[in-house]
Amino acid sequence: MTANDELKGWFAGRIPKDWFTGAPEVRADRDEIWVVANAARSGRIKQHREDTRETRMQISEEAEKRFGRRVSWGVRIGDAREMFTHLAVPAMTRLRLPEREVLDALVDSGVARSRAHALAWCVRLVQQNQSEWLKELSAAIERVGAVRQQGPLN
């Protein structure tokens, strides 16, 4: 079982069934866990947010103690997705002049407010244009993790 499978199972078992339709989408990195699910027919996003706040906070506290990461919640109704909370985590990087020039061009043209905003914009662009490649890469990483779990040191 991968770490992501453990997270999905834990949240699926912990979230009240009447909150959502189907299993929640659970995404995670080293810093944060996102829980996004299809809202049940009970109503709009804002009402759902208010109705579930106390229980979400309890589940978040338990998950943060267990998994050592912040939990961010969101909901999806049809094509609309709204995150209630989420982190913006700094990512340290060293860029040479050509890379900084790209970021500065985005800032100078008004596309981005700062180098950090420009870098986030570039990452989103790669995500949109290379989504299939990124999915293949993620699947390969999961396979490597599964093979490691079967290794002699476990």
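Since the model is a prediction, treat every value here as computed from it, not as a measurement. (Residues numbered from 1 in each chain as written. Predicted model: local features only at pLDDT ≥ 70, side-chain atom pairs only at ≥ 80, totals over all residues. Heavy atoms only, no water.)

Undergrad: Which parts of the structure should I look at to understand the overall build of the protein?
TA: Per the secondary structure count, the protein includes 5 helices and 4 strands. Expected size for 154 residues packed as a compact globule is a radius of gyration near 15 Å; at 19 Å, the protein overshoots this value by more than 25%. On the principal axes, the C-alpha backbone points of the protein span a range of 50 × 50 × 30 Å. Burial statistics for the protein: of 154 residues in total, 23% are counted as buried. Entry remark: accessible area of the protein is about 11,400 Å², with carbon and sulfur atoms responsible for 52%. Of the charged side chains in the protein, 26 are positive and 22 negative; the average position of the first set lies 1 Å away from that of the second. (Helix = DSSP H or I, 4+ residues; strand = E, 2+ residues; numbered from the N terminus. Rg over C-alpha atoms; globule rule 2.2 N^0.38 Å. Buried < 20%, exposed > 50% of the residue type's maximum accessible area, 1.4 Å probe, protein only. Areas by Shrake-Rupley, 256 points an atom, 1.4 Å probe, with all protein chains shown as cover. Lys, Arg positive; Asp, Glu negative; His and termini not counted. Charge placed at Lys NZ, Arg CZ, Asp CG, Glu CD.)

Undergrad: Mind showing me how you'd approach the nonpolar core here?
TA: As a rule of thumb, nonpolar side chains are buried together in soluble globular proteins. Counting 18 residues, the largest nonpolar core has Phe11, Ile15, Ile33, Val35, Ile59, Val71 and Trp73 as the members making the most contacts within it. When residues of this core are traced back to their parent elements, those giving at least two are α1 (3-14), β1 (20-28), β2 (32-39), α2 (45-67) and β3 (70-77). In terms of residue count, α2 provides more of this core than any other element does, 4 residues in total. (Core = buried A, V, L, I, M, F, W, Y, C linked by side-chain atoms within 4.5 Å.)

Undergrad: I keep staring at the packing of helix α3 (residues 97-108) against helix α4 (residues 115-129) and nothing clicks. Help me out?
TA: Viewed as axis vectors pointing N to C, α3 and α4 meet at an angle of 105°, and their least axial separation amounts to 9 Å. Regarding the angle of α3 to α4, the classification is roughly perpendicular. On the side of α3, the interface is formed by Arg100, Leu103, Asp104, Leu106 and Val107, while α4 contributes Arg115, Ala118, Leu119, Trp121 and Cys122. Within the contact of α3 with α4, the residues separate by chemical class into 7 nonpolar, no polar and 3 charged. (Axes fitted to C-alpha atoms, helices over the stretch in contact; angles between N-to-C directions. Parallel < 35°, antiparallel > 145°, perpendicular 65-115°, else oblique. Contact = heavy atoms within 4.5 Å. Nonpolar A, V, L, I, M, F, W, Y, C, P; charged D, E, K, R; others polar.)

Undergrad: Quick question: what am I supposed to make of the pattern of salt bridges here?
TA: For side chains bearing opposite charge, pairing can occur when the charged atoms are close. Under the definition given, this model contains 8 salt bridges. A salt bridge links arginine 70 to glutamate 64; the shortest N-O distance between them is 3.6 Å. Given a relative accessible area of 48%, arginine 70 falls into the partly exposed group. Of the residues examined, glutamate 64 reaches a relative accessible area of 26% and is grouped as partly exposed. (Salt bridge = Lys/Arg side-chain N within 4 Å of Asp/Glu carboxyl O.)

Undergrad: Sorry, what's going on with the confidence of the model for the protein here?
TA: Close inspection of predicted coordinates is inappropriate for parts of the model with low pLDDT. Here the protein shows a mean pLDDT of 87. Residues at 70 or above account for 95%. Mean pLDDT values for the elements of the protein range from 82 in strand β4 (residues 80-83) up to 93 in α3. (pLDDT = per-residue confidence, 0-100.)

Undergrad: I tried to follow the pairing of β3 on my own but got confused; where do I start?
TA: A regular strand carries its side chains on alternate faces of the sheet. Sheet topology note: the β3/β4 ladder contains 4 bridges and is antiparallel. Within the sheet, the bridge partner assigned to isoleucine 77 lies in β4 and is alanine 80. (Pairing = 2+ DSSP bridges.)

Undergrad: Help me understand the environment of alanine 80 in this model?
TA: Secondary-structure assignment places alanine 80 in strand β4. A sequence separation of 64 residues divides alanine 80 from proline 16, and the C-alpha atoms of the two residues are 22 Å apart.

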